[in-house]
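Listed here are the chains, written in short residue letters.
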Amino acid sequence: MGKKAKIIGVNMIPFKKPGLQEPYPVMAAKAVKGALEDAGIDYSEIQQAYASYIYGDSTCGQKALYMVGMTGIPIINVNNNCSSGSTALYLARQAVESGAVECALAVGFEEMQPGALKSHWDDRISPVEWLQERLVELWPEVPQTPRAIRLFGSAAEEYIEKYGANPDIFARVAVKTRSHAVQNPFSLFSKPLTLEEVMSAPKLMPNMTRLMACPPTCGAAAAIVCSEEFAKKHGISQAVEIVAQALTTDLSITNDNIMNLVGADMTRRAAKQVYEAAGIGPDEIDVLELHDCFTPSEVVTYEGLGLCEEGGAEKFIHDGDNTYGGKVVVGPSGGLMSKGHPIGATGLAQCTELVWQLRGQAQKRQVENARIALQHNLGLGGACVVTMYRMG
């Protein structure tokens, strides 16, 4: 057994729409300084750093962290699509658990452009083109829309067809998520939504509207990971343990159906690994932040994480088991849908929210007696990181 990895400091800055943000080094430095202050340690005690982003040149991590200090430590730049932030956390946790370092930093940041995601390289093979090609094979009449919208909107169609679900479940998730965001001062959107508003918004796909898609945003977040011995040495009493963590990529069965193309199988396998390693099952989770880049992703993920049986998401949603008073509070922060999705920062913002929840610091959105937290962060192309936390 390796050392236990503890999170002793977290921070995020409020996310903003593209064009309203500060430069990425400024955002990242603010997030890191806040995490250091939260932990009560100096940057000189950080022995390694992992910097997550996908839109930027090489060594943006160094540029950002040099604004905090130039201490000569290893700085590793991490790009794993939308799961980049959690991948940075995964690497920091590995470094601590292995005994390579006593204290590591994971920081994520992103400056995004308005509109749907697109490739910035048109002179080479796209790493996600195979997903689009397989999608067309599975659904030859798929509408022509931007690629992420196309994939997740198609997964919604497949889910409805396979399980006979009412298409309004995707709108109901958006309404639930926004009701949580109203209580979060870090959320980009805080105006409540009605089912009718979501359903009548401009259509992106046959059963997916604009209010079922997350906005492009800019921001930064950070987490400090250390050994149990380091935390004790510094008298830190509010450390949150990373109980178990798994990172999965695609298998050949990804090609079997559209829901697998958007991460369903990766999610199932990552969750299974985490539950087995932790000895804690999905029925014991109190609070969850998942990758709700589109509401169909959230619906598919309920089942992938074992929160309900296969095909049981509609009942899970209608019974209110995804919110306060139900089985598990999903997305108390407002999620990507309301808080925003600055890709490199997303996984670490999820981590920040869950640490605040376990410490009892989430103010009006606090989940009562939160003891076990779970995080799900997905990147197509692909990688899925599932992380379980507990206080102490």
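Since the model is a prediction, treat every value here as computed from it, not as a measurement. (Residues numbered from 1 in each chain as written. Predicted model: local features only at pLDDT ≥ 70, side-chain atom pairs only at ≥ 80, totals over all residues. Heavy atoms only, no water.)

K.L.:
Pulling in residues and values, what's your account of the packing of helix 3 (residues 84-97) against helix 14 (residues 343-359)?
P.N.:
Two elements in contact, helix 3 and helix 14, have axes whose closest approach is 5 Å; the angle formed by their N-to-C orientations is 65°. Contacts from Ser84, Gly85, Ser86 and Leu89 of helix 3 reach helix 14 at Gly344, Gly347, Leu348, Gln350 and Cys351. Residue classes in the contact of helix 3 with helix 14 are distributed as three nonpolar, six polar and no charged. (Axes fitted to C-alpha atoms, helices over the stretch in contact; angles between N-to-C directions. Helix = DSSP H or I, 4+ residues; strand = E, 2+ residues; numbered from the N terminus. Contact = heavy atoms within 4.5 Å. Nonpolar A, V, L, I, M, F, W, Y, C, P; charged D, E, K, R; others polar.)

K.L.:
How would you summarise the sheet that holds strand 2 (residues 48-52) if you had to cite specific residues and measurements?
P.N.:
With respect to topology, ten strands assemble into an open sheet ordered 3-2-4-7-1-8-12-11-9-10, the strand pairing being mixed. With one partner strand each, in any of the chains shown, strand 3 (75-78) and strand 10 (329-330) form the two edges of the open sheet. Alignment of strand 9 (residues 287-289) against strand 10, held across two bridges, turns out to be parallel. Residue pairing for strand 10: leucine 288 is matched across the bridge by valine 330. Each of strand 1 (5-12), strand 2, strand 3, strand 4 (103-110), strand 7 (219-227), strand 8 (240-248), strand 11 (372-379) and strand 12 (383-391) touches helix 3; the most contacted strand, strand 8, lies at about 115° to it. (Pairing = 2+ DSSP bridges.)

K.L.:
Kindly report on unusual backbone geometry, identifying the contributing residues and their values.
P.N.:
With an omega of 10°, the peptide bond running from glycine 381 to glycine 382 counts as cis. Within the fold, glycine 382 resides in the loop between strand 11 and strand 12. In this structure, threonine 59 takes a positive phi of about 65° despite not being glycine. Tracing the backbone shows threonine 59 in the loop between strand 2 and helix 2 (60-66). Here the phi dihedral of glutamine 363 falls at roughly 55°; this positive angle occurs in a residue that is not glycine. Looking at the secondary structure, you find glutamine 363 in the loop between helix 14 and strand 11.

K.L.:
Which residues make up the packing of aromatic side chains, and what values go with them?
P.N.:
Following the criterion strictly, the structure yields six aromatic pairs and no others. With a centroid separation of 5.4 Å and 15° between ring planes, the pair formed by tyrosine 24 and phenylalanine 109 is classed as stacked. Taken together, the residues tyrosine 24 in helix 1 (residues 24-39) and phenylalanine 109 in strand 4 connect sequence positions 85 residues apart. Note on phenylalanine 186 and tryptophan 356: the rings are 5.2 Å apart at their centroids and 40° apart in plane angle, and the pair reads as tilted. Remark: tryptophan 356 occurs in helix 14 and phenylalanine 186 occurs in the loop between helix 6 (169-181) and helix 7 (195-200); sequence separation between them is 170 residues. (Phe/Tyr/Trp six-rings, centres within 6.5 Å; stacked < 30°, edge-to-face > 60°.)

K.L.:
Lay out the pairing of strand 2 in plain terms, naming residues and giving numbers.
P.N.:
The buried count for strand 2 comes to five of five residues, which makes it a mostly enclosed element. Looking at chain direction, strand 2 and strand 3 are connected through four bridges and run parallel. Among the inter-strand pairings, serine 52 is bridged to a residue of strand 3, identified as valine 78. Of the crossover connections in this fold, the one passing from strand 2 over helix 2 to the parallel strand 3 is right-handed. (Buried < 20%, exposed > 50% of the residue type's maximum accessible area, 1.4 Å probe, protein only. Right-handed = clockwise from strand over helix to strand, strands pointing away.)

K.L.:
Which residues make up the environment of glycine 279, and what values do they have?
P.N.:
Positionally, glycine 279 belongs in the loop between helix 10 (264-278) and strand 9. Judged by relative accessible area, which is 63%, glycine 279 ranks as exposed. For the pair glycine 279 and valine 243, spaced 36 residues apart in sequence, the C-alpha separation works out to 9.5 Å.

K.L.:
A description of the pairing of strand 8 should follow, citing residues and the corresponding values.
P.N.:
Along strand 8, eight of the nine residues are buried, which leaves the element largely enclosed by surrounding structure. Note that strand 1 and strand 8 share two bridges and pair antiparallel. Bridge pairing in strand 8 places isoleucine 7 opposite valine 240. Across eight bridges, strand 8 lies against strand 12 in antiparallel orientation. Residue pairing for strand 12: leucine 247 is matched across the bridge by valine 385.

K.L.:
Tell me about empty space enclosed by the protein, and name the residues and values.
P.N.:
Taken as a whole and assessed by the stated rule, the structure comprises one cavity of 30 Å³ or more. A volume near 30 Å³ is recorded for the largest cavity. In this structure, the largest cavity is lined by Val262, Gly263, Ala264, Thr267, Ser297, Val300, Thr301, Gly304 and Leu378. Looking at the lining of the largest cavity, the elements that each hand over two or more residues are helix 10 and helix 11 (295-304). When residues of the lining of the largest cavity are assigned to their parent elements, the largest contribution, four residues, is made by helix 11. (1 Å grid on protein atoms, 1.4 Å probe; cavity = no way out; pocket = protein on both sides within 12 Å on 5 of 7 lines; lining within 4 Å. Points joined across faces, edges and corners; volume = space filled by probe spheres on them.)

K.L.:
Could you give an account of the pattern of salt bridges, naming the residues involved and the relevant values?
P.N.:
With the rule as written, the count across this model stands at 17 salt bridges. A salt bridge links glutamate 102 to lysine 3; the nearest nitrogen and oxygen atoms lie 2.5 Å apart. Of this pair, glutamate 102 sits in the loop between helix 3 and strand 4 while lysine 3 sits in the segment before strand 1, and the two are 99 residues apart along the sequence. Two residues, lysine 191 and glutamate 197, come together in a salt bridge whose shortest N-O distance is 3.3 Å. Connected through shared salt-bridge partners, Asp265, Arg268 and Arg269 make up one network. (Salt bridge = Lys/Arg side-chain N within 4 Å of Asp/Glu carboxyl O.)

K.L.:
Residues and numbers for the nonpolar core, please.
P.N.:
Side chains that are nonpolar tend, in soluble globular proteins, to be buried together. With 66 residues, the main nonpolar core has Tyr302, Leu374 and Met388 as its most contacted residues. For this core, the element with the most residues is helix 5 (residues 147-163), which contributes eight residues. Setting aside residues no more than four positions away along its own chain, tyrosine 302 makes contact with Val173, Lys176, Leu290, Leu307, Cys308, Ala313, Phe316, Ile317, Asn322 and Val330. The next biggest cluster of nonpolar side chains, apart from the first, holds 39 residues, and it includes Ile46, Tyr53, Ile54 and Leu65. (Core = buried A, V, L, I, M, F, W, Y, C linked by side-chain atoms within 4.5 Å.)

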